[in-house]
Every structure is written in structure tokens, then in C-alpha cells.
There are 2 protein chains.
Amino acid sequence: MNAPAIQIDKSAGLPVYLQLAERIRLLVREGELKIGDPMPTVRGLAVELGINANTVARVYRELQAEGLLRLERGVGTFVAEGAGAPMKRADLRAIERAADRIIDLAQGAGMNAFELSQFIETRWKEVRRVKR
Amino acid sequence: MNAPAIQIDKSAGLPVYLQLAERIRLLVREGELKIGDPMPTVRGLAVELGINANTVARVYRELQAEGLLRLERGVGTFVAEGAGAPMKRADLRAIERAADRIIDLAQGAGMNAFELSQFIETRWKEVRRVKR
DNA sequence: ATTATTGTATTAGCATACTAGTACATTAAA
DNA sequence: TTTAATGTACTAGTATGCTAATACAATAAT
């Protein structure tokens, strides 16, 4: 499990570079990518995903600016020290369980993945002001 | 509540026409828009959302092709007869409750709306093969 | 010193997702 | 018949999100 599978959906409507950046952020937050872990090569990942190397480079640079990655020319790209602690396993598990539950409900109601995620984004923005 | 608020996020990365189409599909599925209800005018909605009338027209035409809307030139646009029954209120409520729960968990873990929705989309695709 | 591998940079070009403007066609109401 | 409101159609232009190609620069291994 040295290199977790990074995958994107080129036909998803959402720009590839946003998907890729978000996927990497999530892998770090989940703890699948730990501080110091090597990232795939710019060229290598580009080939693997079937996208352009510049697109990968752009994402890496953006994540470096966020302090999530550390780019070393001639050496490689690594998860940066400033990448913040990953979620607690218990929290992650709880979110996974909650996700499975709502996915189950949504499927039962005839929704698809896109509809559900849109629904949740909308609801998030609506609920934010409640602030419990 | 004749016309439920339709809102989009122009800075969300996701193309406006996809957001708009999805938002309308959801309103119909939730039962907020019922069969026969009038939709906002092409021009009116365009102005309201700050987008081009052609973009709205495109979305309406697409939803008509799906059988969700009925466009009558010179008259207006309406929710079509073939729009299918809305979700049961109980199902909708269950999904809303599940959404509130996972939003709460995600916020607690430091995620944002976009991260959560991406997480759920990814998990949906992963879990699909389990097929319970 | 040489070579292979890495990230960096630049330029050109293309398809998509629009914006903007205008004209037209159909319907209902006056 | 006229008018106002609706959806339809077309053309032109722009910004974004890429693809493609190429060259350069730093590092590590030889």
C-alpha cells in the first residue's frame, strides 16, 4: 500500500485538476498518505491518469502552496511536514458508516451519486447558519 | 411557495448548466415542484441567476428531452406529466436526517462541503459493487 | 564528468462553456 | 388585428481548462 490508488473521472463535468487536488487532500486527511510519503512522479501520474503532465504539475504546485506537498526538483514530490494531522480513525469510520447509510437511503429513493452529492452540498450551505 | 428558490454557485467549478439542471431535477424529485407547476421564464430565470438566457433555454430543452419539463412556445415551461412520482416524504426526511448527521460529523473533522461531497461520490462508486 | 530522473517553464492550439446580441415564431390577451 | 410575452435559433466573441511539444534545471547514481 505504498501508493494508494488515485483515480479521477474525466467525464464528470468537474475539471480534472480540481478532482485530482481534492482526491489528494482527502488521502492525506484520511491518513492514507502520511507525512514524508513519496507522491507519484509528475510524468508517471499523468500517464497513469491519461492527462497532461502540466496538469499534474499544476496540481502539485497548488498543493505545495497550501503546505500539503513538498516538491523537490530532481528528487520527487512528498507529503509535507506541514500537512496537519490526519483524522482520527474513529472519526473516519463514523463518517464512512454515515456515508454508507445515506448512500443506501439515496439509492433506495432512486437517486444517483451526482444527485446525492449535490443534495448534500446544498444542504450543507443551508444548514451552516444553524451553527448548533 | 409557488416558485421555490433556484440557486446556483457560479464559482463552484461545476458548470452552471449542470448545477441548474440538477437543482431542478432535485426539486421535482423532492416534490417541491409538482406536475403542472409553471417554471420561471427563460429570460426571467436568466436575469435572476445572472446567466445567459441561452444557458437556461439549453437546460430546459435538456430536461424536456428527459421528460421532466414541457415547453410551450409563447406560453411557458411546466413540469411535465411524465415527471414521475416524487419521493415519499418519509424517505426524504430520512435522507435529510442522514445528511444533517454526516454534515455534522464532517464539520467536526474539519472537512468542507466540497470535500464531503467528493468523499461521498467516491465512496458511492466504491460501494456499488457490494450490492448488498 | 556523464547520465537518467526529477520538477520547472514556455509557447501554441483546441474544445467547452459560456456571454452577448439580435432576430424570429408562437401563443394569449387586449 | 395588434401587442406583449413566451420559447427558438443563429452568429460572434471570450475565458477556462485543458492537450501537446519542447527545452531547461537540479539532483542522484554511475
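Residues numbered from 1 in each chain as written. Chains lettered and ligands numbered in written order. Predicted model: local features only at pLDDT ≥ 70, side-chain atom pairs only at ≥ 80, totals over all residues. Heavy atoms only, no water.

**A closer look at the interface of chain A and chain B**
Size of an interface: often given as the accessible area lost when the parts come together.
Inference 1: Taken residue by residue, the interface counts 48 residues in chain A and 48 residues in chain B.
Inference 2: Taking both partners together, chain A and chain B bury about 4500 Å²; carbon and sulfur atoms supply 69% of that area.
Inference 3: Counting across the chain A and chain B interface gives 8 salt bridges.
Inference 4: Our enumeration of links across chain A and chain B arrives at 8 residue pairs in polar contact (both at pLDDT 80 or more).
Inference 5: Of all the elements, helix 5 (residues 113-127) of chain A adds the most residues to the side of chain A that touches chain B, at 15 residues.
Inference 6: Tallied by class, the residues present in the side of chain A that touches chain B amount to 24 nonpolar, 8 polar and 16 charged. (Contact = heavy atoms within 4.5 Å. Buried area = accessible area lost by both parts, 1.4 Å probe. Salt bridge = Lys/Arg side-chain N within 4 Å of Asp/Glu carboxyl O. Polar contact = N/O pair within 3.5 Å; in protein donor to acceptor, adjacent residues only side chain to side chain. Helix = DSSP H or I, 4+ residues; strand = E, 2+ residues; numbered from the N terminus. Nonpolar A, V, L, I, M, F, W, Y, C, P; charged D, E, K, R; others polar.)

**Some points on the environment of Ala46(B)**
Residues and elements named next belong to chain B.
Inference 1: Here Ala46 lies in helix 2 (residues 42-49).
Inference 2: Among the residues examined, Ala46 registers a relative accessible area of 4% and is labelled buried.
Inference 3: Sequence separation between Ala46 and Ala57 is 11 residues, and the spatial gap between their C-alpha atoms is 8.9 Å.
Inference 4: When sequence neighbours within four positions are dropped, the list of residues in contact with Ala46 reads Ile51, Asn52, Ala53 and Val56. (Buried < 20%, exposed > 50% of the residue type's maximum accessible area, 1.4 Å probe, protein only.)

**Let's talk about the nonpolar core**
Inference 1: Judged by nonpolar contacts, the single largest core of 32 residues is most densely connected at Leu116(A), Phe119(A), Ile120(A), Leu116(B), Phe119(B) and Ile120(B).
Inference 2: Of all the elements in the fold, those that place two or more residues in this core are helix 4 (89-108) and helix 5 of chain A together with helix 4 (89-108) and helix 5 (113-127) of chain B.
Inference 3: Ignoring anything within four residues of it in the chain, the contact list for Leu116(A) reads Ile102(A), Ile103(A), Ala106(A), Met111(A), Ile120(B) and Trp124(B). (Core = buried A, V, L, I, M, F, W, Y, C linked by side-chain atoms within 4.5 Å.)

**Focus: the protein's contact with DNA strand D**
Inference 1: Taken together, 22 residues are adjacent to DNA strand D, and Pro15(A), Tyr17(A), Arg73(A), Thr41(B) and Arg73(B) come closest.
Inference 2: Take Val42(B): an N or O atom from its main chain is 2.9 Å from a phosphate oxygen of DNA strand D.
Inference 3: One of the side-chain nitrogen or oxygen atoms of Asn54(B) is found 3.3 Å away from a base nitrogen of DNA strand D.
Inference 4: Listed by contribution, the elements that provide at least two residues to the surface near DNA strand D are helix 1 (16-30) and helix 3 (53-65) of chain A together with helix 2, strand 1 (69-72) and strand 2 (76-79) of chain B.
Inference 5: Partitioned by chemical class, the residues of the surface near DNA strand D number 8 nonpolar, 9 polar and 5 charged. (Near = heavy atom within 4 Å.)

**Focus on the pattern of salt bridges**
Inference 1: On inspection of all chains with the given rule, the structure shows 20 salt bridges over all chains.
Inference 2: In this structure, Asp9(A) and Lys125(B) form a salt bridge, with 3.9 Å as the shortest nitrogen-oxygen distance. Within this pair, whereas Asp9(A) is found in the segment before helix 1, its partner Lys125(B) is found in helix 5, the two belonging to separate chains.
Inference 3: The network of salt bridges with shared partners includes Arg93(A), Glu96(A), Asp100(A) and Arg123(B).

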